[in-house]
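# Coordinate analysis (summary)
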Amino acid sequence: MKILIIGLGSIATKHINALNSQYKDITFYAYRSKKNASKIDGIINLYELDELDELNQKFDFAIISNPTNLHAEFIKILANKNIDLFIEKPPVHSLNDIEKLISTINDSNIQTYVACNLRFNPCIQFLKKYLSTNTYSINEVNIYCGSYLPDWRPNKDYKTIYSANAEMGGGVHLDLFHELDYTHWLFGKPLKSHSIKRSVSTLNINAFDYANYILEYEKFTANIVLNYYRKDPKRIIEIVFENETFNIDLIKNRITDSKEKIIFESVNYNALDAYKFQMENFITTLKSNQKQINTFIESIEILKTCLA
């Protein structure tokens, strides 16, 4: 396989490792915006987009993992070159001119996938199957994800990374897009949504460091809280059924009931495994020319809730 990478950062490295662990004979090309970009073994640097024209037909797909505010630009460029796209979440940072971008993708007839690897977390997978067969009504859903932004990249000043800067497409609502994504995937599109987004914590950044969503469904309400400033990470889902309560801990990879009885647990699961499962699913679907599970257009519908 020959794969093009746009944005050779930490996320791209995870995707590269996932690919190398499962497939052989891969040639990686990376578009680099700076001429003095460091060379990495096994990756061929490209410095001009014109170079893509010569290589266009060789690419199996492209990974877009640069800062979110640059996604739309490269999605358009690569779609016009008929290159299938694996797009790191969120798909874009703004809905400006989104219909034009969707038209470009449709006209190119390419496959697109927006990478939300938490869909491949074993607890989320268990819930997806359980909810499809469960007959008990849901009364309430509560979701919480809080972590400490300075710990994300300890070797960098957190105020300089794109997560902390709104103009680069940063903000907790976009970085933690996973929570909105799996909520839509598990429970469907809400009838209505309301949100509060603020930046008032001691982190002192201009991007949103707190977001609270209230999603109205026909028979229940879901509440989602996201933040950048919690030093003791917490990532949970609480589903209040009419007869029972499920507590899902996405850090411990465990689901318990109200009496703390373990309903499901994945002891040997590693968070990096989701990247492998995700990439395998993407490539299998790509090769069979089937519809991806989370296309660009589908993810834009979730982004509309995110940005509302």
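Conventions used here
Residues numbered from 1 in each chain as written. Predicted model: local features only at pLDDT ≥ 70, side-chain atom pairs only at ≥ 80, totals over all residues. Heavy atoms only, no water. Helix = DSSP H or I, 4+ residues; strand = E, 2+ residues; numbered from the N terminus. Rg over C-alpha atoms; globule rule 2.2 N^0.38 Å. Buried < 20%, exposed > 50% of the residue type's maximum accessible area, 1.4 Å probe, protein only. Areas by Shrake-Rupley, 256 points an atom, 1.4 Å probe, with all protein chains shown as cover. Lys, Arg positive; Asp, Glu negative; His and termini not counted. Charge placed at Lys NZ, Arg CZ, Asp CG, Glu CD. Pairing = 2+ DSSP bridges. Expected span 1.5 Å × (residues − 1). Contact = heavy atoms within 4.5 Å. Axes fitted to C-alpha atoms, helices over the stretch in contact; angles between N-to-C directions. Parallel < 35°, antiparallel > 145°, perpendicular 65-115°, else oblique. Nonpolar A, V, L, I, M, F, W, Y, C, P; charged D, E, K, R; others polar. Core = buried A, V, L, I, M, F, W, Y, C linked by side-chain atoms within 4.5 Å. Arc of directions from axis to C-beta. Polar contact = N/O pair within 3.5 Å; in protein donor to acceptor, adjacent residues only side chain to side chain.

## Description of the overall build of the protein chain
When you go through the protein chain residue by residue, the secondary structure sums to ten helices and 14 strands. On C-alpha atoms alone, the protein chain measures out to a radius of gyration of 20 Å, which is about the 19 Å that the 2.2 N^0.38 rule sets for 308 residues. In terms of overall dimensions, the protein chain has C-alpha extents of about 60 × 45 × 40 Å along its principal axes. A total of 308 residues make up the protein chain; the buried ones form 51% of that total. As displayed, the protein chain offers around 15200 Å² of accessible surface, 47% of which is attributable to carbon and sulfur atoms. Computed over 35 positive and 36 negative side-chain charges, the separation of the two mean positions in the protein chain equals 2 Å.

## Quick word on the pairing of strand S9 (residues 210-216)
A regular strand carries its side chains on alternate faces of the sheet. In the sheet, strand S8 (residues 192-198) pairs with S9 via seven bridges, with the strands oriented antiparallel. Across the sheet, the residue bridging to serine 195 is tyrosine 213, located in S9. When S9 meets strand S10 (residues 221-227), the two strands line up antiparallel, connected through seven bridges. Each bridged residue has a counterpart across the sheet, and for tyrosine 213 the counterpart in S10 is isoleucine 224. Hairpin connection, S9 to S10: the antiparallel pair is bridged by four residues.

## Quick word on helix H9 (residues 273-287)
Under the 1.5 Å per step criterion, the end-to-end length of H9 is 21 Å for 15 residues, consistent within 8% with the ideal 21 Å. Turning to H9, its buried residues number three or more, namely Asp273, Ala274, Tyr275, Gln278, Met279, Phe282, Ile283, Thr285 and Leu286. Close packing links the buried residues of H9 with helix H1 (10-20), strand S4 (61-64), strand S5 (85-88) and strand S6 (112-115). One or two positions beyond H9, positive phi appears at asparagine 289, with a value near 60°.

## Here we look at the packing of helix H5 (residues 122-133) against helix H8 (residues 177-187)
Angle between the axes and distance between the axes are the two parameters that describe a pair of packed helices. For the pair H5 and H8, interaxial distance at closest approach is 9 Å and the crossing angle is 25°. One element, H5, and the other, H8, form an angle in the roughly parallel class. From H5, Ile124, Gln125, Leu127, Lys128 and Leu131 reach across to H8, where they touch Tyr182, Trp185, Leu186 and Phe187. Of the residues that constitute the contact of H5 with H8, the class distribution is seven nonpolar, one polar and one charged.

## A word on the environment of valine 114
For valine 114, the position within the fold is in strand S6. Valine 114 sits in the buried class, given a relative accessible area of 0%. Separated by 28 residues in the primary sequence, valine 114 and phenylalanine 86 have C-alpha atoms spaced 6.1 Å apart.

## Some thoughts on the nonpolar core
Counting residues in hydrophobic clusters, the biggest one holds 68 residues, and the most contacted among them are Ile237, Ile239 and Phe296. Every residue in contact with phenylalanine 296, bar those within four places of it in the chain, is listed here: Ile75, Ile87, Pro91, Val92, Ile98, Leu101, Ile102, Ile105, Thr112 and Val114.

## Re H1
Regarding H1, the residues found buried are Ala12, His15, Ile16, Ala18 and Leu19. The buried residues of H1 occupy an angular sector of 160° when projected down its axis, which confines them to one face. On the buried face of H1, the contacting elements are strand S1 (2-6), strand S2 (27-31), strand S3 (43-46), S4, S5 and H9.

## Structural notes on the sheet that holds S10
With mixed pairing, the eight strands of this open sheet are ordered in space as S8-S9-S10-S7-S11-S12-S13-S14. Two strands bound the open sheet, and with one partner strand each, they are S8 and strand S14 (262-265). Averaged over all neighbouring strand pairs, the angle between strand axes comes to 15°, with direction disregarded. With seven bridges connecting them, strand S7 (residues 138-148) and S10 associate as parallel partners.

## Observations regarding the side chain of asparagine 45
Here asparagine 45 is to be found in strand S3. The exposure class assigned to asparagine 45 is buried, which follows from its relative accessible area of 14%. Within the structure, asparagine 45 has its side chain in polar contact with the side chain of tyrosine 47 (distance 3.2 Å). With residues up to four places along the chain from it excluded, the contact list for asparagine 45 reads Ala30, Arg32, Ala37, Ser38 and Lys39.

## A look at the side chain of serine 108
Locating serine 108 in the fold gives a position in helix H4 (residues 98-108). Discounting residues that sit within four places of it in the chain, serine 108 has contacts with Ala79 and Asn82.

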